[in-house]
Each structure stands twice: as C-alpha cells, then as structure tokens.
Amino acid sequence: MSETIPSATPNWDEDLALIIAAAVAAGDTALGYFRRAVDVRWKNEGRSPVSEADLAANDILSTRLLGARPGYGWLSEETDDDETRLTRDTVFVVDPIDGTRAFIGGKELWCVSVAVVHQGLPAAAVLYAPALEELFQATHDGEACKNGETIAVRDPGERLHLAVAEDLVKKLHSPYRERIERVPHVPSLAYRLAMIADGRIDGTIVKKNAHDWDLAAADLILARAGGALCGLDGLPLSYNRPIVSHGFLGAASGQALPSLLAATRALEDH
C-alpha cells in the first residue's frame, strides 16, 4: 500500500546504509545496559518509562544521523519536538528503544526503529532487535529483508493468528472473533508489525495513540513484504505531520486486511 516516491530525491540506498549502521551502534550500546540495573524516569504523567539506555541510544542516533544529513529534520520519541521538522522534505523518524517496558523487564522483544521519511512517506527503514540478533530493512522500491534474506507475509488460513489486546478480542463481533487465534502479547509495536512482515502472524489491531516513531519504519518493511498498515479508511498513513499520533489502525497481509479493518471499524463504533 506504499505510494510512489518522487524520483528527484536523495539516494535511499545510501540512506539505508547510514541508518543501518546507526541503528546497530545504538542497539549494541543499549544491549550493554540490558538486564542490568538502569536508571528509569517516567514521562507522560507517569505512563511511559524512559531508561538511561533509551537516552544513550538516542544520543548515538542523533549524532550519527544528523551529523551525516544536517539538512534532514528530526522526530524522536526521546527528543523534545522541534517543529522545524515540518519545513523539511526529509526527516529521520526514530524510536531509540521501541518496547522500553520489555527492555526494563529483561524481555528480548525490543528494537531500535529508524525511518527516513520523505514528503510524508517512509523511503528507507530499519528495525534492529539486538537481543534477538535480528535486523529488518527495506527501501521504498526494494525488497524487505531480515538478516539479509527476503521476507514476505503469509497467506492467511481460516484461523487468523493475530496480535490483539485481550480486551479488544472480547469486543469483536462473531463470527470474526471465532476465527482468531490470539498470539501472546508482543510489547514492541514495531516488532509486532515485523512479525507480520516475516510471516509469523497474520495481523494486528493497533489501539489509538500510536505515534510516528512506533510505526514509520515497520510500516515500510511490512509494505515491501506484501502487507499493509493503514487507517480504518484503508488509506496509507502520512508521517511528519503537526500531530504525530494516530487513531485505530489495522495491519495484515493483503488478503487478511479487509476483514480485519471491518472488524476494527465495528470496534470504533462502540
């Protein structure tokens, strides 16, 4: 469901190499803090944890990426928003650790998420999960890969393996609810989308208030693997807007997406 990127643009393969190197450096640094006592503070009125590993990874990403591309804008979960990003055609959209709660709890399902967004659309993307030794990557006109191997979504069967919050499953209408095999909780939203991209699960419903930094990199990887992340209107997401949060979203392979979106629209109506 990705759209065409204008041709008179930077070299996205070079940008991909840049963000891969930066993500690996940031992730390996964060891994040095993993399963150790780390300083943690809370933001968003005590709802969101931030560890010293998040901040260390963010510093590495900003130094490397903006040092190499000073003309790009910057949007990161761990940096105060600078609205000058809205004046830039091309922006780095970054989550230094997606899945901070998992990281703090010693669980391996966390990753570094970095996207290059051009005119609202992801053009290059990387997800690096150092504790799992997994690296996902894509450009807007290339293949999606995991550890260098091409990945693709799977064809859904009658039973749908979905990453869906338990409270949402209970609200879904029959007979769709009866088709669902709910997978265990995946604390990183970006990694959850990557699991669709590499064929481990069929889809997910994303609750309201996911942010650009949770989504942009995984969005492109999923799209290039044959799936899609979209709003309930079925349209692709646009990034680097004044408001960087989103409403209910659905993500799945192409064949599973229409029924998933229909089920999610019914949720929003209640």
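Only a predicted model underlies this, so the values are computations on that prediction, with no experimental measurement involved.

## Thoughts on unusual backbone geometry
Thought 1: Cis peptide bonds are those with omega within 30 degrees of zero, and the linkage from Ser 174 to Pro 175 qualifies with 5°.
Thought 2: Tracing the chain through its elements places Pro 175 in the loop between helix 4 (166-171) and strand 11 (180-182).
Thought 3: Notably, Asn 147 is not glycine yet its phi reads approximately 50°, a positive angle.
Thought 4: Judged by relative accessible area, which is 45%, Asn 147 ranks as partly exposed.
Thought 5: Not every positive phi belongs to a glycine, and Asn 240 is a case in point at roughly 60°.
Thought 6: Residue class for Asn 240 comes out buried when judged on its relative accessible area of 12%.

## Let's talk about the sheet that holds strand 13 (residues 227-231)
Whether parallel or antiparallel, the strands of a sheet pair through hydrogen bonds between backbone atoms.
Thought 1: With mixed pairing, 5 strands are arranged side by side in an open sheet as 11-10-12-14-13. Here the strands that pair on one side only, and so sit at the sheet edges, are strand 11 and strand 13. Strand-to-strand twist in this sheet, taken as the mean axis angle between neighbours without regard to direction, amounts to 25°.
Thought 2: Relative to strand 14 (residues 249-253), strand 13 is paired through 5 bridges, and the arrangement is antiparallel. When the bridges of strand 14 are listed, Leu 229 appears paired with Ala 251.
Thought 3: The strands touched by helix 5 (residues 189-197) within the sheet are strand 10 (160-163), strand 12 (203-206), strand 13 and strand 14, with strand 12 carrying the most contacts at an inclination of about 150°.
Thought 4: Here helix 6 (residues 212-224) sits on the sheet and contacts strand 13 and strand 14; the angle it forms with strand 13, its principal contact strand, is near 135°.

## Regarding the pairing of strand 13
Thought 1: Of all 5 residues in strand 13, 5 are buried, a share of seventy percent or more.
Thought 2: Going residue by residue along strand 13, you find Gly 227, Leu 229 and Gly 231 tucked away on one face and Ala 228 and Cys 230 tucked away on the opposite face as well.

## A few points about helix 2 (residues 52-68)
Thought 1: Between the first and last C-alpha of helix 2 there are 24 Å, a value that for 17 residues agrees with the 24 Å anticipated at 1.5 Å per step.
Thought 2: Among the residues of helix 2, those classed as buried are Ala 53, Asp 54, Ala 56, Ala 57, Asn 58, Ile 60, Leu 61, Ser 62 and Leu 65.
Thought 3: As for helix 2, its buried residues are in contact with helix 1 (12-31), strand 2 (48-51), strand 3 (73-76), strand 4 (90-98), helix 3 (100-104) and strand 5 (111-118).

## What to know about the domain arrangement of the chain
Thought 1: Domain boundaries in the chain define domain 1 (12-150) and domain 2 (160-267).
Thought 2: On a C-alpha basis, the centres of domain 1 and domain 2 stand 20 Å from each other.
Thought 3: Counting from both sides, the interface comprises 41 residues of domain 1 and, opposite them, 26 residues of domain 2.
Thought 4: For the domain 1 and domain 2 pair, buried surface summed over both sides reaches about 2,500 Å², with 68% attributable to carbon and sulfur atoms.
Thought 5: Here Lys 146 makes a salt bridge to Asp 198, at a shortest N to O gap of 3.2 Å.

## Section: the UniProt feature "binding site: Mg(2+)" (unreviewed entry) in the chain
Thought 1: In the numbering used here, UniProt assigns the feature "binding site: Mg(2+)" (unreviewed entry) to Glu 77, Asp 95, Ile 97, Asp 98 and Asp 214. A maximum C-alpha distance of 9.6 Å among these annotated residues, which run over 138 residues, shows that they cluster at one spot.
Thought 2: As for its position among the elements, Glu 77 is in the loop between strand 3 and strand 4.
Thought 3: Setting aside residues no more than four positions away along its own chain, Glu 77 makes contact with Lys 43, Val 94, Asp 95 and Trp 213.
Thought 4: Beyond its immediate chain neighbours, meaning those up to four positions away, Asp 214 contacts Asp 95, Asp 98, Leu 189 and Ala 190.
Thought 5: Within the structure, the side chain of Asp 214 is placed 2.8 Å from the backbone nitrogen of His 211, a separation counted as a polar contact.

The rules we used
Residues numbered from 1 in each chain as written. Predicted model: local features only at pLDDT ≥ 70, side-chain atom pairs only at ≥ 80, totals over all residues. Heavy atoms only, no water. Helix = DSSP H or I, 4+ residues; strand = E, 2+ residues; numbered from the N terminus. Buried < 20%, exposed > 50% of the residue type's maximum accessible area, 1.4 Å probe, protein only. Pairing = 2+ DSSP bridges. Axes fitted to C-alpha atoms, helices over the stretch in contact; angles between N-to-C directions. Contact = heavy atoms within 4.5 Å. Expected span 1.5 Å × (residues − 1). Domains from an automatic or database assignment. Buried area = accessible area lost by both parts, 1.4 Å probe. Salt bridge = Lys/Arg side-chain N within 4 Å of Asp/Glu carboxyl O. UniProt positions renumbered as here; feature names shortened; annotations may be inferred. Polar contact = N/O pair within 3.5 Å; in protein donor to acceptor, adjacent residues only side chain to side chain.

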